[in-house]
Amino acid sequence: MKKTWILMAVLVMALGNTSFAQHKTNLKTKATQTAFKHFGVRDESTVVPQTALCTSADGGLMRTTYIYDEYDYYLIEELEETNEDGIWYPEYRYTYDYDFSGNVLEMLLQWNDGDDWADEARATFEYDGDDLAQVVYQYWDGDDWMNEMKEVYTYVGDVMTVLFWEWNGTTWSSSELYTYTYSATTIEVLMQYMQGGAWQNEEKDLYTLDFDGNVIEILQQDWASTTWTNVYKTTYDFEGSVFTSKLREDWDGSAWVDGLKFEYVYTAGNAIKGECMAASGNGWEPADGDIEMAYGYNAANKEYYCWQVEIEYVDLTGIGENATPVAFTVYPTPATDEVTIAAAAFDRAEVYNLTGQKLMESRVAQMSVATLAPGLYIIKVYDLEGRSAAQRLVVR
């Protein structure tokens, strides 16, 4: 969907030197962008980030490592580490699960408790055809997953709405409403909150696009009782298909003043270095800010909160060029109650319907299909090296 891909470029992925509480809060933003990007699907480029080294203004170091499936090229894990006295310590990781079509079904956030990875929060996604329909956010209370909030998406012509609901322990109640209105050269995002049984204005962002669909300016305004007031303005400078710098200005009540500037270095369309500076007197000094790193000719982007970011890339065709599909057989076929999967180094099997929805998963080679209605399905088998292959499965 064209609007999905335009929106992909303007949503923020909140990563970087953040506290644990901020990581949990940022799960919503990160999950929303992940879903809009259909993160597992490759774009024009198979050259993607492998590691991102972030340096904060106070000298702190954080490293994010991206792990991809060697066969399907999907992003399956993000590992975040911090450096203390030259030693890297794992802190958080995000893992992703996809349907057969490559849409994200679940994103799981875990933290390192010193001995192992412990569940903290997760987002689960539902789709209506190619469109994102709903995202549900839950947290782990030590015994079970508990509802926290959800987003419901509606598409009508050039308008998309995202309705946020909060769980009060027994039922859902609406809390925020985001309305996206599209045109050929703009995207307006109106943010409102529920109060007194009516929607109240809170914030408005106006994205200005060039003829190639690139975001060249973002104007943020807040609602002040009866009128909109300026807050921030971000301007992008493009050279060809990439932006080499962006400037964020602050509104002082009467004029725009310099706030933060960001400068980028590219190679082959991929940002390999980004730096943030804050206005100080008549000059600029190092500062932490949202460094937006674009790769694949702006087909996708990530944001890191720090002073400097250096990214190393990997060509997925290279890491997967020696990978061969898993050879497996399934019997009996047609199946009735149970199937047996014969595969070397078997890891797991997944069954999908023909629309790409995952229906079940098995970690053993004898898999029950008794709950499936008679019909045609897809069975996907993985080996211990992460390779996979799929074939049809008939259930009667």
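Predicted, not measured: the structure shown is a model, and the values here were computed from it.

Conventions and cut-offs
Residues numbered from 1 in each chain as written. Predicted model: local features only at pLDDT ≥ 70, side-chain atom pairs only at ≥ 80, totals over all residues. Heavy atoms only, no water. Salt bridge = Lys/Arg side-chain N within 4 Å of Asp/Glu carboxyl O. Helix = DSSP H or I, 4+ residues; strand = E, 2+ residues; numbered from the N terminus. Buried < 20%, exposed > 50% of the residue type's maximum accessible area, 1.4 Å probe, protein only.

Asks: How should I be thinking about the pattern of salt bridges in this particular structure?
Replies: Should their charged atoms come close, side chains of opposite charge can pair. Within the structure shown, the criterion is met by 14 salt bridges. Linking glutamate 106 and arginine 122 is a salt bridge whose minimum nitrogen-to-oxygen distance equals 3.6 Å. Of this pair, glutamate 106 sits in strand S6 (residues 104–112) while arginine 122 is found in strand S7 (residues 117–128), placing the two residues 16 residues apart along the sequence. A relative accessible area of 25% means that glutamate 106 is categorised as partly exposed. The closest approach of N and O atoms between arginine 363 and aspartate 347, which form a salt bridge, is 3.2 Å. Taken together, the residues arginine 363 in the loop between strand S26 (358–362) and strand S27 (366–368) and aspartate 347 in strand S25 (residues 346–352) connect sequence positions 16 residues apart. Relative accessible area serves as the criterion here: at 52%, arginine 363 is assigned to the exposed category. Salt bridges here are not isolated pairs; linked through shared partners, they connect Asp97, Asp347, Arg348, Glu350, Lys358, Glu361 and Arg363.

Asks: Just checking my understanding: could you explain unusual backbone geometry for this structure?
Replies: Residues other than glycine predominantly adopt negative phi, and peptide bonds predominantly adopt the trans conformation. In this structure, the amide linkage connecting tyrosine 331 to the following residue, proline 332, adopts the cis form with an omega of -5°. Inspection of the secondary structure puts proline 332 in the loop between strand S23 (328–331) and strand S24 (338–343). Omega for the bond connecting threonine 333 with proline 334 falls within 30 degrees of zero, at 0°, which places this linkage in the cis form. Here proline 334 shows up in the loop between S23 and S24. Notably, serine 225 is not glycine yet its phi reads approximately 65°, a positive angle. Considering the arrangement of structural elements, one finds serine 225 in the loop between strand S14 (215–224) and strand S15 (227–239). When its relative accessible area of 66% is taken as the criterion, serine 225 is described as exposed.

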